[in-house]
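# Fold and contact review
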Amino acid sequence: MALLNILHFPDKRLRCKAKPVEEINDSTRQLVEDMFETMYDAPGIGLAAIQVNIPQRVIVVDVSGDRSRPLALINPEVTVLEGIESMDEGCLSVPGVFEKVERADKITVKALNPHGEEFVMDADGLLAVCIQHEIDHLDGKLFIDYLSELKRQRIRKKLGKQGRRQSGFENRRQVI
Ligand code: GNR
Ligand code: NI
């Protein structure tokens, strides 16, 4: 077991598209275990492998609040989306930011489990939101991409040097 380091926005590695897992083996299962440990430690209700710098299509979620419903999805695909709901979201890779995002409120997902078996599940509410949030990570997408450019700019300024440079923060300080 090991705690993995979580990348933070605006790290470009969060923008990579993760590759499907071709063979599920012991190292895949070790990754899943380490991701659960990292997610529970954070604490968070979901984690995508790309957040810990492993660009593979692996996600873990547990929305139970008491660690009783761990769920690992490998190569997940949403096959049905229904309805709309708006929920406050946060992200371990965008610390301290919480904003409303609209997503489908009912989904059907197909994935492989850590034994390499395919399964299909329905999800709604927080679980549906969390799975969509995690699958977005696998495609290099963050929840802040759904916000206005103005809000995203504020977040960029708040988080990290790169954001401050891009927004001209350092130049402005020299002028003042
Ligand atoms: O811990 C998390 N909470 C959360 C709340 C609302 C919607 C999505 C999430 S996922 C987030 C953990 C995370 O960043 N996963 O990628
Ligand atoms: Ni996230």
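All figures in this text were calculated on a predicted structure; none of them were measured in a lab.

### Observations regarding the coordination of the nickel ion (ligand 2)
Around the nickel ion (ligand 2), the donor atoms from the protein are Cys91 (SG), His133 (NE2) and His137 (NE2), and they sit 2.1 to 2.3 Å away. One chain supplies every donor to the nickel ion (ligand 2), and in sequence these donors are spaced C-x41-H-x3-H. Residue Cys91 is found in strand E4 (residues 85–91), and its partner His137 is found in helix H2 (residues 125–138); the two are separated by 46 residues along the sequence.

### What to know about the side chain of Arg57
Position of Arg57 relative to the elements: it lies in the loop between strand E1 (46–48) and strand E2 (58–61). Note on Arg57: relative accessible area 12%, which makes it buried. A distance of 3.0 Å separates polar atoms of two side chains, one belonging to Arg57 and the other to Asp139. Not counting the four nearest positions on each side in its chain, Arg57 is found in contact with Lys17, Ala18, Lys19, Pro20, Val21, Leu73, Ile74, Asn75, Pro76, Leu138 and Asp139.

### Description of the environment of Ala42
Mapped onto the elements of the fold, Ala42 is located in the loop between helix H1 (26–41) and E1. On the basis of relative accessible area, Ala42 is assigned to the partly exposed category, the value being 36%. Separated by 40 residues in sequence, Ala42 and Ala2 place their C-alpha atoms 13 Å apart.

### Digging into the pairing of E2
Of the two faces of E2, the one lined by Val58 and Val60 and the one lined by Ile59 and Val61 are each fully buried. One ladder, built from 3 bridges, connects E1 with E2; its direction is antiparallel. Bridged to Ala48 within E2 is Ile59.

What counts, and where the lines are drawn
- Residues numbered from 1 in each chain as written.
- Chains lettered and ligands numbered in written order.
- Predicted model: local features only at pLDDT ≥ 70, side-chain atom pairs only at ≥ 80, totals over all residues.
- Heavy atoms only, no water.
- Donors = N, O, S within 2.8 Å, 3.2 Å for Na, K, Ca; no water.
- Helix = DSSP H or I, 4+ residues; strand = E, 2+ residues; numbered from the N terminus.
- Buried < 20%, exposed > 50% of the residue type's maximum accessible area, 1.4 Å probe, protein only.
- Polar contact = N/O pair within 3.5 Å; in protein donor to acceptor, adjacent residues only side chain to side chain.
- Contact = heavy atoms within 4.5 Å.
- Pairing = 2+ DSSP bridges.

In short, geometric facts, not functional conclusions.
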